[in-house]
Amino acid sequence: MNILTEKFTTPYHSAPFNDIKNEDFLPAFKELIKKSEDEINDIVSNSEAPTFENVIEALAYSGEQLDVVSNIFFNLNSAETSDEIQKLAQEISPLLTEYSSKISQNEPLFNKIKKVYDEKEQYHLNEEQKMLLNETYKGFVRSGALLNEEDKEKLQKINMDLSLKSLQFGQNVLASTNAYFKQITNKEDLAGIPEAILDQYAEEAKERELEGWVVTLQYPSYIPFMTYAENRELRKEIALASGKKSFDGGEFDNQELIKELLQLKQQKAELLGYQNYADYVLEERMAKSPVKVFDFLNELLTKAKPYADQEIEELRSLAKADGIEELQGYDHTFYAEKLRKQKYDFNDEELKPYFPLDQVQDAVFGLAGKLFGLHFKERNDIEKYHEEVKVYEVSEAGSVQAEEKFKALLYVDYFPRKGKRAGAWMTSYKNQYKKDGENSRPHISIVCNFSKPTKDTPSLLTFQEVTTLFHEFGHALHGIMADTQYPSLSGTSVKWDFVELPSQFLENFCYEPEFLKTFAKHYKTGEILPDEKIEKIEQSKNFMEGYQTMRQLGFGLLDMSYHTKVAELEGESVKAFEDKYTKATTLYPTNPETAMSPSFSHIFQGGYSAGYYSYKWAEVLDADAFQYFKETGIFNPETAAKYKVLLSSGGTKDPMELYKSFRGSEPKVESLLKRAFG
């Protein structure tokens with residue numbers, strides 16, 4: 001018997017990681033796809049007249065176990081992958097693509113959906129049911145249900161190719177990242193780097209059975225080196241290595257893959273009747289059109305550019321004092337840190353002792369308790385995929401008479417490993433939904449890449465890592481608080497340019513003195529972070545905000561250009577295209593040996609194609625939302641209760657209507673500009 005094909009007998013039906021073997025996956029996917037197809041066939045062959053219940057609801061609840069196993073497999077492929085899992089992914093992805101194409105192009109099924117959709121006025125549907133019906137119908141149309149047979153086959157082939165090529169893109173980036181390391185044997189080459197970071201580099205060398213110190217391109221290794229290393233030549237060398245990821249013409253090069261992916265997306269868009277892929281994507285977003293996105297990004301660019309230029313000028317003055325005539329991109333982090341220390345008299349290393357990981361986690365758990373009545377209890381009896389992972393049972397305080405009710409499982413996975421991709425993300429193993437009188441609760445996961453504890457110190461976070469943890473926990477809350485009827489409308493299943501609101505919103509609390517004082521305590525002495533340092537954090541909140549804004553706008557404009565101007569790529573290189581469409585936001589000389597597109601996983605592997613602008617879009621939402629909390633009190637229970645409704649509603653309502661219900665008005669871009677630039 002295959003453990004993956006039956007409902008799990010573990011606590012809360014959690015993933016039985018201890019008993020899953022890699023060889024279980026492929027047969028399980030084949031069996032569960034067949035089972036899910038049988039469920040679809042039952043809907044199609046039902047001789048009763050099509051109704052909302054026997055078509056739309058039945059479809060919404062189909063494929064439950066397949067979804068669970070897919071989540072387990074692809075989360076492992078991101079957080080604990082291996083050559084074997086990556087090879088399996090290349091076999092499994094086409095099976096899933098073919099399965100979803102079969103469903104979306106099932107004509108008898110679509111005819112039943114269309115009949116219910118056309119006759120929707122005769123049903124007395126509530127708001128969530130109306131949303132499910134509309135989303136189901138639109139989903140089928142956008143997946144090619146109205147195409148002729150020949151075009152349906154073309155679309156199926158395109159989707160299959162996109163699935164495999166985007167998977168390959170991510171695997172190339174991971175392999176390219178892991179392939180590089182820099183061994184340093186002369187301690188003088190590490191001048192300026194704090195001892196705690198040197199310990200980390202020494203541990204890395206030891207793990208590789210090498211002498212001295214080893215720097216890698218993993219975030220917790222790379223960023224501190226670029227921030228503190230006084231050796232400019234070494235900074236340049238390691239920055240070049242990072243900039244060459246999947247852009248060196250070698251085995252893991254992604255340049256041709258980018259062109260192939262973009263061509264396929266363009267073909268898909270045209271087949272479905274859209275001018276380009278951005279038009280296709282944005283039809284289902286708050287922004288609605290590429291024109292609106294370009295206008296939004298360019299408006300911010302105009303506002304941010306003078307601030308960014310001024311910031312870079314300050315860095316140039318600092319660098320000139322060191323005899324550097326032309327500041328380069330690989331100098332930025334080093335001199336930004338110098339300037340920050342000069343202006344605010346602190347650096348990340350001074351703050352880190354006040355932010356041990358466990359304390360920060362306790363703080364974010366406590367905040368969720370204060371705002372939403374949530375409690376977190378570690379469970380050692382729930383299986384996990386790696387020994388470093390911890391699992392928490394999340395419950396919600398009931399009334400005086402009622403016991404606490406179970407809300408979710410939360411998996412946390414904080415440290416870099418060879419089999420884990422870079423960055424930080426939230427994901428889920430199981431969605432929330434209601435069926436047969438039961439509220440089936442979600443299983444949520446946060447994955448990060450923070451510095452590991454050493455033999456002498458716990459994991460100490462930079463302030464940026466503190467905000468990263470709050471960011472991902474904001475996403476997690478969106479999943480934990482989910483309270484909807486249908487799995488496809490639950491938790492983070494919202495319009496893509498709305499999904500970053502809960503994550504970015506929660507980051508704001510990190511800058512509030514009232515809250516910081518509750519958890520920023522020195523891990524050795526217990527001393528609370530001094531007022532003057534808290535004041536510096538507040539003052540430095542917008543430090544290099546112009547530069548950061550330009551950087552994000554550059555990513556957003558490049559993404560939107562790739563997905564609206566793909567024809568231009570036929571005659572030029574990825575590098576030339578990238579330089580052309582980031583020129584307005586570029587603040588340093590470009591280097592012909594580096595490009596960021598070949599490792600731009602958000603848009604070529606993740607779900608941010610024609611959607612990277614949503615980070616800035618959501619910043620407007622989060623700045624406006626937190627402004628409301630500031631006006632009423634950051635722990636105000638009434639405001640928190642209204643925000644809880646927004647979180648728990650998932651995708652059941654139009655996001656702008658949901659936001660207006662919470663705030664009382666549409667979000668104002670001025671809230672962001674005021675926060676960013678005063």
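Residues numbered from 1 in each chain as written. Predicted model: local features only at pLDDT ≥ 70, side-chain atom pairs only at ≥ 80, totals over all residues. Heavy atoms only, no water.

Draft legend 1. Representation of helix 13 (residues 290-321). With 32 residues, helix 13 ought to run about 46 Å at 1.5 Å a step, and its terminal C-alpha atoms sit 44 Å apart, in line with that. Helix geometry: helix 13 is bent most strongly at Ala 304, by close to 40 degrees, with proline Pro 306 lying one to four residues after it. Directly beyond the C-terminal end of helix 13, a positive phi value near 85 degrees is found at Gly 323. (Helix = DSSP H or I, 4+ residues; strand = E, 2+ residues; numbered from the N terminus. Expected span 1.5 Å × (residues − 1). Bend = angle between axes of the 7 residues up to and from the residue.)

Draft legend 2. A look at the nonpolar core. Phe 355, Leu 410, Phe 470, Phe 473 and Phe 509 are the most contacted members of the largest nonpolar core, which has 142 residues in total. Ranked by residue count, the leading element in this core is helix 13, at twelve residues. Setting aside its immediate chain neighbours within four residues, Leu 410 contacts Phe 365, Phe 376, Lys 390, Val 391, Tyr 392, Val 394, Ile 444, Ile 446, Phe 473 and Ala 476. Judged by nonpolar contacts, the second largest core, of 58 residues, contains Phe 8, Ile 20, Tyr 99 and Ala 145. (Core = buried A, V, L, I, M, F, W, Y, C linked by side-chain atoms within 4.5 Å. Buried < 20%, exposed > 50% of the residue type's maximum accessible area, 1.4 Å probe, protein only. Contact = heavy atoms within 4.5 Å.)

Draft legend 3. Looking closely at the packing of aromatic side chains. Under the counting rule described, the total for this entry stands at 59 aromatic pairs. Between Phe 463 and Tyr 511, the ring centres sit 5.2 Å apart and the planes meet at 75 degrees, which makes this aromatic pair edge-to-face. In this pair, Phe 463 sits in helix 17 (residues 463-480) while Tyr 511 sits in the loop between helix 18 (501-507) and helix 19 (513-516), placing the two residues 48 residues apart along the sequence. We note that Phe 463, like Tyr 511, is buried. (Phe/Tyr/Trp six-rings, centres within 6.5 Å; stacked < 30°, edge-to-face > 60°.)

Draft legend 4. Spatial organisation of unusual backbone geometry. Within the chain, Glu 209 stands out as a residue other than glycine whose phi angle is a positive 60 degrees. Relative to the helices and strands, Glu 209 is located in the loop between helix 8 (195-207) and strand 2 (213-216). When its relative accessible area of 75% is taken as the criterion, Glu 209 is described as exposed.

Draft legend 5. Highlighting the environment of Gly 423. As for its placement among the helices and strands, Gly 423 is situated in the loop between strand 5 (405-413) and strand 6 (425-430). On a C-alpha basis, the gap between Gly 423 and Phe 450 in space is 9.3 Å, while along the polypeptide they are 27 residues apart.

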